[in-house]
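Structure assessment
Chain by chain, the residues:
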Amino acid sequence: MAATFFGEVVKAPCRAGTEDEEEEEEGRRETPEDREVRQQLARKREVRLLRRQTKTSLEVSLLEKYPCSKFIIAIGNNAVAFLSSFVMNSGVWEEVGCAKLWNEWCRTADTTHLSSTEAFCGFYHLKSNPSVFLCQCSCYVAEDQQYQWLEKVFGSCPRKNMQITILTCRHVTDYKTLESTGSLPSPFLKALKTQNFKDPACCPLLEQPNIVHDLPAAVLSYCQVWKIPAILYLCYTDVMKLDLITVEAFKPILSTRSLKGLVKNIPQSTEILKKLMTTNEIQSNIYT
Amino acid sequence: PAVSVGNVGQLAMDLIISTLNMSKIGYFYTDCLVPMVGNNPYATAEGNSTELSINAEVYSLPSRKLVALQLRSIFIKYKSKPFCEKLLSWVKSSGCARVIVLSSSHSYQRNDLQLRSTPFRYLLTPSIQRSVQNKIKSLNWQEMEKSRCIPEIDDSEFCIRIPGGGITKTLYDESCSKEIQMAVLLKFVSEGDNIPDALGLVEYLNEWLQIIKPLSDDPTASTSRWKIPSSWRLLFGSGLPPALF
């Protein structure tokens, strides 16, 4: 409880998360109907990995089914736009499957009839070298779905002879520093890598006390625990929607080993990126 | 630690791991905690600052036969009970002699007697009582009192309640029934700057375990004995824009 300035006593939020007593009581009071509803909701929130052609679920995890030497994962619309313009346009990529999931923030669409603003999570491999994989994930994967996503993609028998690169964005106000975040030269890039990733990063590492959560953290944790070489490139930006300057902030990664050989024509890719931006621009006024 | 009000247990764990320079020996990889990563929270120099840390890690100090589990994020909904089961099953299978849970409870829920006494409390499972009861008695510690199971009802039964304690009560109850030697050490706190509470809780633990030299009569010396980890910087956010003033 806490007293506000206005003299009312309110229940103060607890940093320790949900009040577990409430959860326990809920468990005790749960009727068979409540349990049924909860189980139905859990089924609705299940993450499913579907094959492209047949739209049937994969029997095993993606990386158990296909050999993989390199896996690049873009999480969030700016990271996805970067890979679309610079990597996917430089080679022939074949869609292998997609993840379908539902949560309060998004409902993933089919990758076949997709408008660029819809949320989706697709998996692709390079036709000329099918062990190189790419994941474009523009939907939000909720807390209770992140481990499921990991299981469906990586499986329970992790391979060590692959390299993972993750690209994502965070808002600059999340970045903790002695100066005020308003004075930071955003967008800027920071990196986090697992113990087994020996190559240098193309930008400074993320200093404490900064941390990362959500799906990028789930993937990196998995890689750290199972000793898989992985690196996360984090772009701190003050524009979270699709933005040219933010996407271009990922450019230093083009010179790293992670993307070596996957990018052909940078000026052409920049043009494609500009086109992507204009098609997505909505003339905003107070009525839209 | 238990993830509890003010995160006091977790802050206390940070102090212990940092002061004793404990080495990381493994991960408690689980799908019950919200994922999170960051660089070494106990870094002291450029050289050791780049080891990745995740949400649940195990540290040890072989010379003191001490193992510490640090939890850095909250439970995913409905996963706190499965976590307790996994944790206790690991404790049993790893052959740990004793388990100590560092926790906290809402200070606003204290009754009149508790308001007037020390804010520290302990709880022991029946199996640990035999071996440590005498030592605890000699420390003059206060055992956690029972309170009304349903506070609003006058004739409700009395039981142990730890409001704001997260999984503490579940861990305690399960350890009682599984005959695990467990002690719970907690402090009554409110949310805010809980660093002093964490320092208080480690000193309380130290009275028993003597992990560092016992406190002399000078209470002001307490803060300098425990090494504040580098990750505690900027606990309340980034710097302020000068234009604000």
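Here we summarise the structure given alongside this text. If you're wondering where the values come from, they're calculated on a predicted model, not measured in any experiment. (Residues numbered from 1 in each chain as written. Chains lettered and ligands numbered in written order. Predicted model: local features only at pLDDT ≥ 70, side-chain atom pairs only at ≥ 80, totals over all residues. Heavy atoms only, no water.)

**Focus on the interface of chain A and chain B**
What counts here: It only takes one pair of heavy atoms within 4.5 Å for two residues to be counted as in contact. Summed over both partners, the accessible surface that disappears when two parts come together, traced with a 1.4 Å probe, is what is meant by buried area. For the purposes of these results, a polar contact is taken to be a pair of N or O atoms within 3.5 Å, where, inside protein, one atom must be able to donate a hydrogen and its partner to accept one; residues adjacent in sequence count only when each atom of the pair is a side-chain atom. Helix numbering and strand numbering both begin at the N terminus, where a helix is a DSSP run of H or I of at least 4 residues and a strand a DSSP run of E of at least 2. Here the nonpolar group is Ala, Val, Leu, Ile, Met, Phe, Trp, Tyr, Cys and Pro; Asp, Glu, Lys and Arg are the charged ones; every other residue, Gly included, is treated as polar. By this definition, two strands are paired if DSSP reports at least two bridges between them.
Counting from both sides, the interface comprises 46 residues of chain A and, opposite them, 48 residues of chain B. For the chain A and chain B pair, buried surface summed over both sides reaches about 3900 Å², with 56% attributable to carbon and sulfur atoms. At the boundary of chain A and chain B, one finds 14 residue pairs in polar contact (both at pLDDT 80 or more). Secondary structure elements with two or more residues in the side of chain A that touches chain B: helix H1 (20-29), helix H5 (143-154), strand S9 (188-193), strand S10 (211-213) and helix H6 (214-225) of chain A. Per-element accounting of the side of chain A that touches chain B gives the leading share, eight residues, to H6 of chain A. Looking at the side of chain A that touches chain B residue by residue, the classes come out as 20 nonpolar, 12 polar and 14 charged. Inspection of the sheet shows S10 of chain A paired to strand S2 (residues 36-39) of chain B by three bridges, in the antiparallel sense. Of the residues in S2 of chain B, the one forming a bridge with His213 of chain A is Met36 of chain B.

**Considerations on the pairing of S9 of chain A**
Residue and element names in this part refer to chain A. Under the convention used in this document: Only protein chains enter the accessibility calculation, which uses a 1.4 Å probe; a residue whose area is less than 20% of its type maximum is buried, one above 50% is exposed, and one in between is partly exposed.
Across the six residues that make up S9, a large majority, six, are buried. In this structure, S9 lies alongside strand S11 (residues 230-237), joined through six bridges in antiparallel fashion. Across the sheet, residue Ala191 finds its bridge partner in S11, namely Tyr233.

**A word on the pattern of salt bridges**
Put simply, the test is: One speaks of a salt bridge when a side-chain nitrogen belonging to Lys or Arg is within 4 Å of a carboxyl oxygen belonging to Asp or Glu.
Overall, the coordinates contain 17 salt bridges over all chains when judged by the stated rule. Here Arg257 of chain A and Asp199 of chain A are joined by a salt bridge, their closest N and O atoms 3.6 Å apart. In this pair, Arg257 of chain A sits in the loop between helix H7 (244-248) and helix H8 (266-280) while Asp199 of chain A sits in the loop between S9 and S10, placing the two residues 58 residues apart along the sequence. Given the relative accessible area of 17%, Asp199 of chain A is considered buried. A salt bridge links Glu145 of chain B to Arg121 of chain B; the shortest N-O distance between them is 3.0 Å. One end of the pair, Glu145 of chain B, is in the loop between helix H4 (126-138) and strand S8 (147-148); the other, Arg121 of chain B, is in strand S7 (residues 120-124), with 24 residues separating them in the sequence. Judged by its relative accessible area of 21%, Glu145 of chain B is partly exposed. By relative accessible area, Arg121 of chain B is classed as buried at 0%. Residues participating in the shared-partner salt-bridge network are Lys24, Glu51, Glu57 and Arg72 of chain B.

**Some details on the sheet that holds strand S4 (residues 56-61) of chain B**
Residue and element names in this part refer to chain B. Note the cut-off: Only C-alpha atoms enter the line fits that serve as axes; for helices the fit covers just the stretch in contact. Angles between N-to-C directions range over 0 to 180 degrees.
Across the sheet, three strands lie side by side as S1-S4-S5; this open sheet has antiparallel pairing. One side of each edge strand has no neighbouring strand; the edge strands of this open sheet are strand S1 (23-27) and strand S5 (66-71). Here the strands of the sheet are splayed against their neighbours by 30° on average, with no regard to which way each runs. For S1 and S4, the ladder comprises four bridges, and the chain directions are antiparallel. Within the sheet, the bridge partner assigned to Gly26 lies in S4 and is Val58. Lying on the sheet, helix H1 (residues 8-19) is in contact with S4 and S5; it crosses S5 at an angle near 135°.

**Examining the packing of aromatic side chains**
Two aromatic rings, taken as a pair, are described by how far apart their centres are and by the angle between their planes. Condition: Classification of ring pairs rests on two measures: the distance between centres of Phe, Tyr or Trp rings, Trp counted by its six-membered ring, which must be within 6.5 Å, and the angle between planes, read as stacked under 30 degrees, edge-to-face over 60 and tilted in between. By the criterion adopted, a ring carries a charge over it if an Arg CZ or a Lys NZ lies within 6 Å of its centre and within 35 degrees of its normal.
With the rule as written, the count across this model stands at 21 aromatic pairs over all chains. Seen from their ring centres, Phe188 of chain A and Tyr236 of chain A are 5.4 Å apart, and the 25° between their planes marks the pair as stacked. Of this pair, Phe188 of chain A sits in strand S9 while Tyr236 of chain A sits in strand S11; the two residues are 48 residues apart in sequence, bridging distant segments of the chain. Under the relative-accessibility criterion, Phe188 of chain A is labelled buried at 14%. Tyr236 of chain A sits in the buried class, given a relative accessible area of 0%. Aromatic side chains Tyr42 of chain B and Tyr59 of chain B sit 5.6 Å apart centroid to centroid with 85° between the ring planes, which places their arrangement in the edge-to-face category. Placement of the pair is Tyr42 of chain B in the loop between S2 and strand S3 (52-53) and Tyr59 of chain B in strand S4, with a sequence separation of 17 residues. Among the residues examined, Tyr42 of chain B registers a relative accessible area of 12% and is labelled buried. What links up through ring pairs into an aromatic cluster is the set Tyr66, Phe71, Phe133, Tyr147, Phe154 and Tyr222 of chain A together with Tyr29 of chain B. The ring of Tyr66 of chain A carries the charged tip of Lys65 of chain A above its face, separated from the ring centre by 6.0 Å.

**A look at the pairing of strand S6 (residues 99-106) of chain B**
Residues and elements named next belong to chain B. Burial of S6 is extensive: seven of the eight residues sit out of reach of the surface. Pairing of S6 with strand S10 (residues 182-189) involves eight bridges; the strand directions are parallel. Residue pairing in the sheet places Ser104 in a bridge with Lys187 of S10.

**Describing the sheet that holds S6 of chain B**
Residue and element names in this part refer to chain B. Taken in spatial order, the three strands make up an open sheet running S6-S10-S7, and their pairing is mixed. At either end of the open sheet lies a strand with only one pairing partner, and these are S6 and S7. In this sheet, adjacent strand axes meet at a mean angle of 25° when their direction is disregarded. Across the sheet, H1 lies against S6 and S10, angled at about 135° from S6, the strand it touches most. Where helix H5 (residues 168-177) meets the sheet, its contacts fall on S6, S7 and S10, and the angle it forms with S10 comes to roughly 160°.

**Let's talk about the nonpolar core**
Using the following cut-off: By convention a nonpolar core is built from buried Ala, Val, Leu, Ile, Met, Phe, Trp, Tyr and Cys residues, the set being connected through side-chain atoms within 4.5 Å.
In terms of nonpolar packing, the biggest core is built from 54 residues, with Phe71, Ile73, Phe123, Trp149, Phe154, Ile164 and Val219 of chain A touching the most fellow members. No other element matches H6 of chain A, which puts eight residues into this core.

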